[in-house]
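Each chain, written out:
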Amino acid sequence: MHESDPLSVTFAALADPTRRAILARLATGEASVTDLAEPFAMTQPAISKHLRVLERAGLIERGRQAQYRPRRLRAEPLRTAADWIEMYRQHWEVSLGRLDDVLWDLQADEREGAER
Amino acid sequence: MNTTRIDRGSTDTTTIYSDDGDLVFERTFDAPRTLVWRAFTDPEIVPRWWGKRDSTTTVTEMDVRPGGRWRYVSSAPGRDDVVFFGEYLEVDAPSGFRWTFNFETEFGPMGGPESHTFVEVDGRTTVRSVGHMGSVEAIDGALATGMVEGAIETWDRLAEILAEI
């Protein structure tokens, strides 16, 4: 997938265990950067870097308060990624089933042609 | 046995699994591979099996050679048309081809490279279709959130699932 499309950005953001842990934490409610950094053996700048990746992917957003800007989860990109994979999975599952019938028909046509 | 293989809802007839960032579909057909090749590359035959049964597929472009483009429009009652499109990357008749597989979504085109290989044994042909989805974590993350469908605002449930992956 191209790095530029929104889905690839979501996938890339999800591909890191720390970022998934951050999302899991935010799924329980909004949290400050300090709160988010606490469970990890990581410096605040390292956490901020992960937060920037999540923010760019649209998976989290910042609260409005000027001083304390808690991060919170945005679910829409996750749902889009899920929908896309599910659509893709269904497309091939269904199409391969139909292909089975078509191959059967094509061979029946061939047999009929040979008998004629 | 490949330990990175994770089943993704195989059925009686089709094996579906992820392997790292690939989503793989395997199915064996009771037909020689020359016929399977035709079914994938003949614009008259593709509409007979592409997509859901209630949909109608129109092949508007199909230039089966490296660099050639393809474009299928899928119509069905009650929804907007879905355009599938891409470019052939490698073509090796009748053993398979690689192309880019995209479709239009509300966020613009999405997709990636996909390969189809056809292996014939005793007159039966196994089709193996592999789509590149990025990473296994991406597939896990996406499918896990798909399972909470509709209840995504219930952060507690999402939290449980995110913690498991």
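Right above here is the structure, for reference.
Notes on the structure follow. Just so you know, these numbers come straight off a predicted model, no measurement behind them.

1. Some points on the overall build of chain A
The number of helices and strands found in chain A is 5 helices and 2 strands. The N-to-C order of helical and strand elements in chain A reads α-α-α-α-β-β-α. Here the C-alpha radius of gyration of chain A, 24 Å, is well above what a compact globule of 116 residues would show, namely 13 Å. Burial status across chain A gives 47% buried among its 116 residues. Long-range pairs, those at least 24 residues apart, make up 46% of the contacts in chain A between residues at least 6 apart in sequence. In the form shown here, chain A has an accessible surface area of approximately 6000 Å², with 49% of it arising from carbon and sulfur atoms. Taking the 17 positively charged and 19 negatively charged side chains of chain A as two groups, their mean positions are separated by 14 Å.

2. A closer look at the nonpolar core
Counting 39 residues, the largest nonpolar core has A:Trp92, A:Leu103, B:Phe40, B:Trp49, B:Trp50, B:Tyr72 and B:Phe101 as its most contacted members. Looking at this core, the elements with two or more residues in it are helix H1 (6–14) and helix H5 (76–115) of chain A together with strand S3 (22–29), helix H1 (33–41), strand S5 (69–75), strand S6 (82–92), strand S7 (96–105) and strand S8 (108–121) of chain B. Broken down by element, the residue count for this core peaks at 10 residues, all from H5(A). A:Trp92 has contacts with B:Phe25, B:Phe40, B:Trp49, B:Trp50, B:Phe101, B:Glu114 and B:His116, leaving out every residue within four places of it along the chain. Residues A:Ala13, A:Leu14, A:Ala27 and A:Leu36 belong to the second largest nonpolar core, which totals 18 residues.

3. Topic: the packing of aromatic side chains
For the coordinates displayed, the defined rule picks out 28 aromatic pairs over all chains. A ring pair is formed by A:Trp92 and B:Phe101, whose centres lie 6.0 Å apart and whose planes are at 45°; its orientation type is tilted. Of the two residues, A:Trp92 sits in helix H5 while B:Phe101 sits in strand S7, which places them in two different chains. Exposure class is identical for A:Trp92 and B:Phe101. Each is buried.

4. Some words on unusual backbone geometry
For the bond running from B:Ala93 to B:Pro94, omega is -5°, close enough to zero to count as cis. By secondary structure assignment, the location of B:Pro94 is in the loop between S6 and S7.

Basis of the calculations
Residues numbered from 1 in each chain as written. Chains lettered and ligands numbered in written order. Predicted model: local features only at pLDDT ≥ 70, side-chain atom pairs only at ≥ 80, totals over all residues. Heavy atoms only, no water. Helix = DSSP H or I, 4+ residues; strand = E, 2+ residues; numbered from the N terminus. Rg over C-alpha atoms; globule rule 2.2 N^0.38 Å. Buried < 20%, exposed > 50% of the residue type's maximum accessible area, 1.4 Å probe, protein only. Contact = heavy atoms within 4.5 Å. Areas by Shrake-Rupley, 256 points an atom, 1.4 Å probe, with all protein chains shown as cover. Lys, Arg positive; Asp, Glu negative; His and termini not counted. Charge placed at Lys NZ, Arg CZ, Asp CG, Glu CD. Core = buried A, V, L, I, M, F, W, Y, C linked by side-chain atoms within 4.5 Å. Phe/Tyr/Trp six-rings, centres within 6.5 Å; stacked < 30°, edge-to-face > 60°.

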